[in-house]
Amino acid sequence: MDDEYTSGFKEPCAQCCAVDWGLTDEGRFYCRSCHNVIERTKEVEDSNFNPGSSRVSTISSKKRKLKQERGRQWMVCEGFQFILMDQADALVKLGVSKHFKDEVLHQLWMLYLHRSQQAYTNTPIRSCTARPQTSDSDSAADLSVVSGSETDSEMFPPSRASSVTSNADNSDASLYASSVDGSTYRNQRGGTSHLMTMKKTLVLLHLGLVWARQGLTLSDLLRLVNEGHVPYVNTFQAFPEEMKLSGSDSVIFKVLKVPPYEQVHKETENLIGFLQLPAFPPISRQSLLHPASLCLRYLMEVNLPDDLYPWVCELMKFAQLDDVLQNRYDPFLHRKFPHYDVQAVAIIIVTMKFIFGLNDHVEWESSTRASQSPHSGRTFNLRRWYRLLQGAVLRAQRRRDNDAARKQWIPEKLLSSNRQAENVAMKRKRVSNELQSCFRKLTSGPSGPSGPSDGPVQPPSIFQFFWGDMDGADGPSLHRQNLDLLVTQVGGILKPTNEQYWHPALRDCSSCHDGGHYSEAEPTLPRMFVWTLQLFAFVLDLTPALIYREVLRVERRVLGTRTPQSRKHTKFLNVRLERARARLGAEMRARARLGAETRARMEAETKARVRLGAETKAKEGMTVTPQGQRKRKKKAPDGL
Amino acid sequence: LVCKCKYFTRICLERIREAMLHHRWQEAAEYMVFYPQKLEGSEIEYRQNRELIWRISIELLHHMPNSKLEDYNNIHERMKHLGVKIYLKVSLEQSFHLMLCGQIEEAKQLLAIGESWRYGKESASQHQTAKLIQAYRSLLDYVIWCDKKFTLDDTDDDSVTYQDMHSYFRQASVHLKEIFKNPGVWDPFIVSYVEMLEFYDDHEEALKILNDYAYDDTFPPNPNAHVFLYQYLKRRGASDKKLTKVLKVKQQIQKKGDIKKALGIVMDMLDFACWRKELEVWRSLNDIIGKLNSGLNWKDILSETVEPRKDWWPALHFTSFHAAQDSKENPELMKLKAPVAKIFCPGK
């Protein structure tokens, strides 16, 4: 009876997942199995209202149906545009400012399309396709028309189903609809280095985040991708119905791994060169991307005492790494794109070397003394910190591996190029799906929400560890402990008790790209130092060699590039060390105040984000854990 | 760095294995939600994982509290049709499961389908599985025959049941006769066949089958065969002379089998250094060798256990150091070891 209206609607019911729709008296859709009424109403297709055009409407509906089967013509970069939009939406939902998506990312994308001559240009590259249809020039014209109307608020052009006119019923199109240039995308003239790839989407996101000075570093972005909060694997499944994919497209859009940190970073440098970007906007002290903020964040992450922060800031100042104007990144002046996160971590490590020593002797002696002192409960003890962190890292590594084992890599949509392969693949997919759903059913019963899901397994958070006394914490918090016995007061100035500082040869090695020679140097380094490198490598999810290289870089800035072998320069080094120590001690109290203020501000912001996050999550029906304070994602302050 | 699909699958399988070893079935099942993705990988991955995934799934179903028969059937059906190589194996296992659940008719039907299934060239392993399928199908025919026989006494209308029974008997006997031509241990099948034959008074056939089973040299030595023969002859009231003859043969075989087993056990014990100085062990070894010497094929049996040890036993037990030590501390041990040493190192 009302099937003629509801047959086209194939969405499963939200309550009972059945696809069995009927029409209520008011014309609303309702589910016949659970009587759940939804918002959708039957479209007024009553031909009585426009008697003259009934025939026209029939023709167009048939065409639309046919178009739905064949899909419309679409270009590969359109697909990427869709994916980028998806990813940017996810980031905005996590707390990144809208300015990042609407202005920065969009501009970067347009610039990329322009430079690679795929769109927004008068001479778009058309890869040689076998199709003789007229659709090519149509879409090219469309794209260049859009560039003229950039001021339109609808920044990402809407679907152009209306503009493709008579091609829906082309009878000689292949049975497997796909993108227009999917099969030849890789063979375009001009080489392949500037083509869009899935990896480049991450690169563009990273560039956009840095340009917009958001507090999400590259390691954060990659971690969010790995955890599934930012779509990357199988994003093409979310393409709209009209954009159909086939085998040749799968090569471009399918991913079986998330690229590692260094690769994405290198590609970012390449892309900056390709796009010929100007100097980046400066990173102000208030921004979350500033080294001061990043250092504070990482100090909190690894449970180091807050009293260490003023020392970190002093070191930054001494190395001139906090200078807003001097550290403004300009592609023409600076060869290398900075690693913001690694740099912050390196600063912390150098500070730790100054205060703790990290040479396998000094720090343990001072720990022993700290544990024997009368106020050992409140004094920071490196041994205790080491044990806590070691346990926490092992558990976190195990958790990370377990989550890695529960990832859905294979897409649900089947992409194949020929009938035979498709049949085989379809059969196997059915078996695989059957098995998966069987076990899903078996494991989701009594265990309820703790069963596995295909989505992200943890709520998104900028912190990986949680320190405190509540349930589920990784360990007790050491943030409020003081640095007694590690710093001594000499005439009103605080100085580190440890008077030695060791470092490997600091001269810049120009012969190697790595600059660190970590694998050769590692056996000679103190074990505690190596362990610290590995700790931060786990937190950032990259190799210790990268951090080691950056540590050397910071040390060069602090201590100069003289190697310790030269006697003449040892004195110079000592003088510089003295100066460094003096400076570190000098404005301690002012720094301490500022450090506390910043931390208080960050905590307040985090609390605000918690509330905001909780609201968003409540809307989505998820629950917020009571210790979620520090686990919330931080948003960049508005107005940046 | 956990970002690769390959890493995922290695870790996933490791976790499943670990969980199953420790009987954490729920956890293993949670990982099994994702592991079947391997079926959609490359051809090599698919082939390597097909049987593995099937076996893991079924094993997990055994242990999950809320698994149902339809889950089993579902999985079996799907996996069966995945490939030629796996079809017969899965059919057989599926039928075993149905038998366990008491669904005899369904199991029989399944085996019947499997019997008539032909696809491509039959490999050696498939040939074996096909034989097993035939055998078990016949066994199920026997089970149904038994059920019908049971109802025989109750109902009045016997002729229909008789006919039914006879048809099952015929089906079973055709295949069983084929099966018994192949060397193997067919104890339960033999027993059922003989029972049916006795019911129809076909004693000639029964005796022939039993004799062939017991005395055919190509079959592995099986004392049970002689037990069956003995029991049958007793039922038929055979002469004592005949009975004892059968028993003697059985005892011989059993003894041989027992001795072989004992030899194996003693040798295994002496593989470990802690038994090196135990007099009892060496004494039993000498006894066994003595017993073996009197029987048939002692050389073959002895060499079977000695060969794999020839390389390292001399160093373990029969060096000059050992000799010196033993002669000082434990001369009796040396005496016991001497004959064995002769076997291992004939030139000494």
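Residues numbered from 1 in each chain as written. Chains lettered and ligands numbered in written order. Predicted model: local features only at pLDDT ≥ 70, side-chain atom pairs only at ≥ 80, totals over all residues. Heavy atoms only, no water.

Secondary structure summary: chain B contains 17 helices and 0 strands in total. A burial count over chain B gives 42% of its 348 residues as buried. Across chain B, the fraction of contacts at a sequence separation of at least 24, relative to all contacts at a separation of at least 6, is 61%. Here chain B displays about 19,400 Å² of accessible surface, and carbon together with sulfur accounts for 55% of that area. (Helix = DSSP H or I, 4+ residues; strand = E, 2+ residues; numbered from the N terminus. Buried < 20%, exposed > 50% of the residue type's maximum accessible area, 1.4 Å probe, protein only. Contact = heavy atoms within 4.5 Å. Areas by Shrake-Rupley, 256 points an atom, 1.4 Å probe, with all protein chains shown as cover.)

Attention now goes to the overall build of chain A. Regarding its fold elements, chain A presents 20 helices and 5 strands. Relative to its 640 residues, chain A shows a buried fraction of 50%. Put simply, chain A shows about 31,200 Å² of open surface, and 52% of that area lies on carbon and sulfur atoms.

So, about the pattern of salt bridges. All names here are of chain A. Under the defined criterion, the tally for this structure stands at 37 salt bridges over all chains. Of the charged contacts in the structure, one is a salt bridge between Arg223 and Glu227, with a shortest N-O distance of 3.6 Å. Separated by 4 residues within a single helix, Arg223 and Glu227 lie in helix H7 (residues 218-227), roughly one turn from each other. Judged by its relative accessible area of 19%, Glu227 falls in the buried class. (Salt bridge = Lys/Arg side-chain N within 4 Å of Asp/Glu carboxyl O.)

On to the nonpolar core, then. Ranked by internal contacts, the top residues of the largest apolar core, which has 169 residues, are Leu91, Phe253, Trp385 and Ile547 of chain A. Ranked by the residues each element gives to this core, the list is headed by helix H12 (residues 340-356) of chain A, at 13 residues. Every residue in contact with Phe253 of chain A, bar those within four places of it in the chain, is listed here: Trp74, Val76, Gly79, Phe80, Ile83, Met198, Phe236, Phe239 and Leu245 of chain A. Leu88, Trp117, Leu176 and Leu243 of chain B belong to the second-largest nonpolar core, a separate cluster that totals 44 residues. (Core = buried A, V, L, I, M, F, W, Y, C linked by side-chain atoms within 4.5 Å.)

Between chain A and chain B, the contact holds 36 residues from the first and 39 residues from the second. Among the residues of chain A in contact with chain B, Arg428, Phe439 and Leu442 of chain A are the three that bury the most area, contributing 19% of the side total. Between Arg398 of chain A and Glu18 of chain B there is a salt bridge; the shortest N-O distance is 3.2 Å. Joining chain A to chain B, the criterion identifies 18 residue pairs in polar contact (both at pLDDT 80 or more). Counting residues per element, the ones that place at least two in the side of chain A that touches chain B are helix H14 (382-405) and helix H15 (419-444) of chain A. Tallying contributions element by element places H15 of chain A first for the side of chain A that touches chain B, with 15 residues. In terms of residue class, the side of chain A that touches chain B is made up of 13 nonpolar, 8 polar and 15 charged. (Buried area = accessible area lost by both parts, 1.4 Å probe. Polar contact = N/O pair within 3.5 Å; in protein donor to acceptor, adjacent residues only side chain to side chain. Nonpolar A, V, L, I, M, F, W, Y, C, P; charged D, E, K, R; others polar.)

So, about the packing of aromatic side chains. In this description, an aromatic ring pair is defined by two values, namely the gap between the centres and the angle between the planes. In total, this model carries 31 aromatic pairs over all chains according to the counting rule given. Ring geometry for Trp145 of chain B against Tyr200 of chain B: centres 6.3 Å apart, planes inclined by 55°, an arrangement best described as tilted. With Trp145 of chain B in helix H7 (residues 124-152) and Tyr200 of chain B in the loop between helix H9 (187-199) and helix H10 (203-215), the pair connects residues that are 55 residues apart, well separated along the chain. The class for Trp145 of chain B is buried, based on a relative accessible area of 0%. Classification of Tyr200 of chain B as partly exposed rests on a relative accessible area of 24%. By way of ring pairs, the aromatic residues Trp211, Phe280, Tyr329, Phe337 and Tyr340 of chain A are connected into one cluster. (Phe/Tyr/Trp six-rings, centres within 6.5 Å; stacked < 30°, edge-to-face > 60°.)

Moving on, we come to the side chain of Ser57 of chain B. Relative to the helices and strands, Ser57 of chain B resides in helix H3 (residues 43-63). Residues within four places of Ser57 of chain B in sequence aside, it is in contact with Leu435 and Phe439 of chain A together with Met32 and Ile75 of chain B.

To continue, consider helix H12 (residues 240-270) of chain B. In an α-helix there are 3.6 residues to a turn, and that puts residues three or four apart on one side. The end-to-end C-alpha distance of H12 of chain B, which contains 31 residues, comes to 44 Å, matching closely the 45 Å that a straight helix rising 1.5 Å per residue would cover. All buried positions along H12 of chain B are accounted for by Leu243, Val246, Lys250, Ile259, Leu263, Gly264, Val266, Met267 and Leu270 of chain B. (Expected span 1.5 Å × (residues − 1).)

A few words now on the packing of helix H3 (residues 76-94) of chain A against helix H4 (residues 98-115) of chain A. Residues and elements named next belong to chain A. Where H3 meets H4, the axes come as close as 10 Å, and the angle between the chain directions of the two elements is 160°. When the interaxial angle is binned, H3 and H4 end up roughly antiparallel. Between H3 and H4 lies a crossing whose hand is right-handed. Only Lys98, Phe100, Lys101, Leu105, Trp109 and Leu113 of H4 make contact with H3, whose side of the interface consists of Cys77, Phe80, Gln81, Leu84, Met85, Ala88, Asp89, Leu91 and Val92. A per-class count over the contact of H3 with H4 returns 11 nonpolar, 1 polar and 3 charged. (Axes fitted to C-alpha atoms, helices over the stretch in contact; angles between N-to-C directions. Parallel < 35°, antiparallel > 145°, perpendicular 65-115°, else oblique. Left-handed = near helix turned anticlockwise from the far one by under 90°.)

The subject of this paragraph is the confidence of the model for chain A. Reading fine detail from the predicted coordinates is not recommended where pLDDT is low. Residues and elements named next belong to chain A. For chain A, the mean per-residue pLDDT works out to 71, and 62% of the residues sit at or above 70. Here helix H5 (residues 135-148) stands out as the element of chain A with the lowest mean pLDDT, 36, in contrast to helix H17 (residues 527-540), whose mean of 94 is the highest. Contacts from residues 127-176, a stretch scored under 50 in pLDDT, to residues over four places away or in other chains number 65 contacts. Counting interchain partners and residues more than four positions distant, the pLDDT-below-50 stretch residues 447-455 has 11 contacts. (pLDDT = per-residue confidence, 0-100.)

Turning to the confidence of the model for chain B, a few remarks are in order. Residue and element names in this part refer to chain B. Scored by pLDDT, chain B comes out at a mean of 83, with 95% of its residues at no less than 70. No element of chain B has a lower mean pLDDT than helix H14 (residues 298-306), which averages 75, and none a higher one than helix H2 (residues 25-32), which averages 91. Reported confidences for the modelled complex are a pTM of 0.68 and an ipTM of 0.70.

Moving on, we get to the packing of H15 of chain A against H3 of chain B. It is at 12 Å that the axes of H15 of chain A and H3 of chain B come closest, and there the two elements cross at 30°. Considering the angle they form, H15 of chain A stands roughly parallel to H3 of chain B. H15 of chain A and H3 of chain B meet at a crossing whose hand is left-handed. On H3 of chain B, the residues that touch Arg428, Leu435, Phe439 and Leu442 of chain A of H15 of chain A are Glu43, Tyr46, Ile53, Ser57, Leu60 and Leu61 of chain B.

Another aspect to go through is the environment of Arg553 of chain A. Residue and element names in this part refer to chain A. Tracing the backbone through its elements, the reader meets Arg553 in helix H18 (residues 544-559). Taking the C-alpha atoms as reference, Arg553 lies 8.6 Å from Ala346; in sequence the two are 207 residues apart. Discounting residues that sit within four places of it in the chain, Arg553 has contacts with Leu321 and Gln343.

Time to look at unusual backbone geometry. In this structure, Asp541 of chain A takes a positive phi of about 60° despite not being glycine. Its identity is not glycine, yet Asp201 of chain B carries a phi of approximately 60°, on the positive side. Here Asp201 of chain B is to be found in the loop between H9 and H10. We classify Asp201 of chain B as exposed; its relative accessible area is 56%.

It is worth spelling out the environment of Ser367 of chain A at this point. Residue and element names in this part refer to chain A. As for its placement among the helices and strands, Ser367 is situated in helix H13 (residues 362-372). C-alpha separation for the pair Ser367 and Phe380, spaced 13 residues apart in sequence, amounts to 8.1 Å. Each residue touching Ser367, except ones within four places of it in the same chain, is listed here: Asn381, Leu382 and Arg383. Polar side-chain contacts of Ser367 include one of 3.5 Å to the side chain of Asn381.

Taking 1.5 Å per residue, 26 residues should reach 38 Å; H15 of chain A reaches 36 Å between its end C-alpha atoms and fits that length. Check the buried side of H15 of chain A and you find it contacts H2, H3 and helix H4 (69-80) of chain B.

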